[in-house]
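A closer look at the structure
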Amino acid sequence: MRTPTATPSCCCAACARPTSTSPPPASTTRPACGGRWPRRTGDLVISDYNLPGFSASAALALLGEAGLDLPFIVVSNNIGEETAVLLMRAGAHDYVMKGNLARLAPAVKRELKEAERRRQHRAAAQALRDSEERWKFALEGAGYGVWDWDIPSGKVVFSACCTAMHGYADGEIEASIDGRDALLHPADRERVQQAMRDYFAGATPRYKQEYRARCRDGSWKWVLDNGMIVGRDEHGAPQRMICIRIDLSERKRVEQSLQELNEQLESRVEARTSELRQAMAQIIESEKLASLGVLVAGVSHELNTPIGNMVLAATALHDKLKELSGAIERNQLTRSGLQHGLADCLGASEIIARNGHRSNDLIESFKRVSVDQTSQRRRTFDLRTTVQDSLTALGAITRRAKATVELNIPDGIMLDSYPGHLEQIINNVIMNSITHGFDGMPDGHIVIEARRDGDMVELVYSDNGHGIAAELQHKVFEPFYTTKLGQGGSGLGLSIVHNLVQAIFKGQLRLDSSPGQGVRLQFTFPAQTPLPNNAAGAGDGGQIDGDGFTIPPFGTM
């Protein structure tokens, strides 16, 4: 604490005044030089009641003019109670009689504490005023209105921005909660008032409502009231509530525009969906033609070797017979020559017969694949035989890709189902491995395994290809998703597989893969396929869903 200041005084001769026992008016005790309170002040003023040429009353007057709030204690020996009351009214905080100076120290301590309390109160009040001013400027600058409700009296103060928002001038809206309610749209009034009751009952953390309020020109404007109780009495009863009002006209206009746009988009989407279905049907037809091309290429390549061997053997047989015939005509045929010629002819005929049987087996395999793929007929078949037929048809493709296929399916797993669809699944997954999994790999390897567990069959397909990243695995069964767009991939291969497993075989398909670890597809389906709900769909290409998506007979990717 700084040292208490002495009473200000003036040393000039003109300030000298005779003293008296009663306090002269402050104007007559002020120094003639127009004395003012010193700029450097202390924390406390202790003044004698009467000084030569000055007085406590004059000091109080100077202190008031300076606008200072310092504790002022009068020390005297001869003032009466009436004079002391006058000094207290003039601004003194306490007085101490010289005969009882023991009270001075407690009085100083008490008044310093009170002065500090007053200083803190003034600082808090000033901070509150500054905060309210900044808050007001911020709200007004943002175009937000404010209404302040004194709950016990019902009086409401509307800010200028709040009234101007509805086209009213200051004072044109009744300054009460009834005045606010009078602006509510009839269709919104009950909802808004119930929301206020719910908030006061504690059902909601704050009051927040959108509604229509009447403007001065009779139109209705959407606004948002967002407020809360800011004052309660000692019993917790609400005393004051402040709400911010926001003009929602622009937002509502945008929402209306968005609604109209959404309605237009829905119409456009419906039209585009119809076009997309037609395009999908055309793509499916293209897939069928592409599948036919793959099948023809496979047949021609597989038959080329045995037929070529048969042609070579037949040519050799023809030449040998011609040679024997010439020898007979020239009478030069010997017994040993005849024996050698017959041996060569027998070898050639064996080659022709063997390659003929090979060609016949290939043609029968192709016929089964072709018939099953095109007719989608249901029959009982052996799982291994059907898968082997598909591998035979794709033999040229796998050899050209330098990929090997290991078939680990035991004989005797009989299915009552659609072999054509199963062959299509095998074709699609193998083509997917060749196109994507083995891209750039010279040693691709595929393993196909199966086992029967009661009425269920588990077919597992795996390869050692590049694998699929985790973030892409949920996309690979989506229609038209492919990483080879424009390079021979349509994005339908695995989508068709997924649909066939679920819609035709009534089974499940699980994918396990990670980059660099290949792909593992686990098919689980009943050995006897349940009859479809729409039996007609099974005979015309396998209808999958209500959108007209038809599985093509031989899928490519």
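Residues numbered from 1 in each chain as written. Predicted model: local features only at pLDDT ≥ 70, side-chain atom pairs only at ≥ 80, totals over all residues. Heavy atoms only, no water.

1. Examining the sheet that holds strand S10 (residues 238-247)
The test is simple: One requirement defines pairing of two strands: DSSP has to find at least two bridges between them. What counts as a helix is a DSSP run of H or I of at least four residues, what counts as a strand is a run of E of at least two, and both are numbered from the N terminus. Axis definition: a line fitted to C-alpha atoms, over the contacting stretch in the case of helices. Angles run 0 to 180 degrees between N-to-C directions. Whether two residues are in contact is decided by their heavy atoms, any of which lying within 4.5 Å being enough.
Strands sit in the order S7-S6-S10-S9-S8 across an open sheet of five strands; the sheet is antiparallel. Strand pairing shows two members of the sheet lacking a second neighbour, strand S7 (155-158) and strand S8 (207-214), which therefore form its edges. Averaged over all pairs of adjacent strands, the angle between strand axes in this sheet comes to 25 degrees, irrespective of strand direction. Strand direction decides the pairing type here: strand S9 (residues 220-232) and S10, joined by nine bridges, are antiparallel. Across the sheet, the residue bridging to Met 228 is Ile 242, located in S10. Of the strands in this sheet, strand S6 (145-150), S8, S9 and S10 touch helix H7 (residues 186-200), which is tilted by about 155 degrees from S8.

2. Here's the deal with the confidence of the model for the chain
Here is the rule: One confidence number per residue, pLDDT, is output by the predictor and ranges from 0 to 100.
Looking at the chain as a whole, the pLDDT averages 78, with 76% of positions reaching at least 70. Mean pLDDT across the elements of the chain bottoms out in helix H1 (residues 26-29) (40) and peaks in strand S15 (residues 456-463) (94). Low pLDDT (under 50) marks residues 1-33, which in the prediction has 60 contacts with non-local residues, meaning those over four places away or in another chain. When the criterion is pLDDT under 50, residues 535-557 qualifies, and its contacts beyond four places in sequence or with other chains add up to 72 contacts.

3. Considerations on the pairing of strand S17 (residues 519-526)
Rules: Think of it in three bands: residues with accessible area under 20% of the maximum for their type are buried, residues over 50% are exposed, and the middle band is partly exposed, with areas taken using a 1.4 Å probe on protein chains only.
Judged by how many residues are buried, S17 sits mostly within the fold: six of eight residues are covered. In the sheet, S15 pairs with S17 via eight bridges, with the strands oriented antiparallel. By the bridge assignment for S17, Asp 463 is matched with Val 519. With six bridges joining them, strand S16 (residues 508-513) and S17 adopt antiparallel strand pairing.

4. Observations concerning the nonpolar core
Stated formally: Residue types Ala, Val, Leu, Ile, Met, Phe, Trp, Tyr and Cys, when buried and joined through side-chain atoms within 4.5 Å, form a set referred to as a nonpolar core.
Formed by 44 residues in total, the largest nonpolar core has its most connected members in Leu 383, Ile 409, Leu 415, Ile 448, Leu 459, Leu 521 and Phe 523. Counting residues per element, the ones that place at least two in this core are helix H10 (383-393), helix H12 (419-437), strand S14 (445-453), S15, helix H13 (493-504), S16 and S17.

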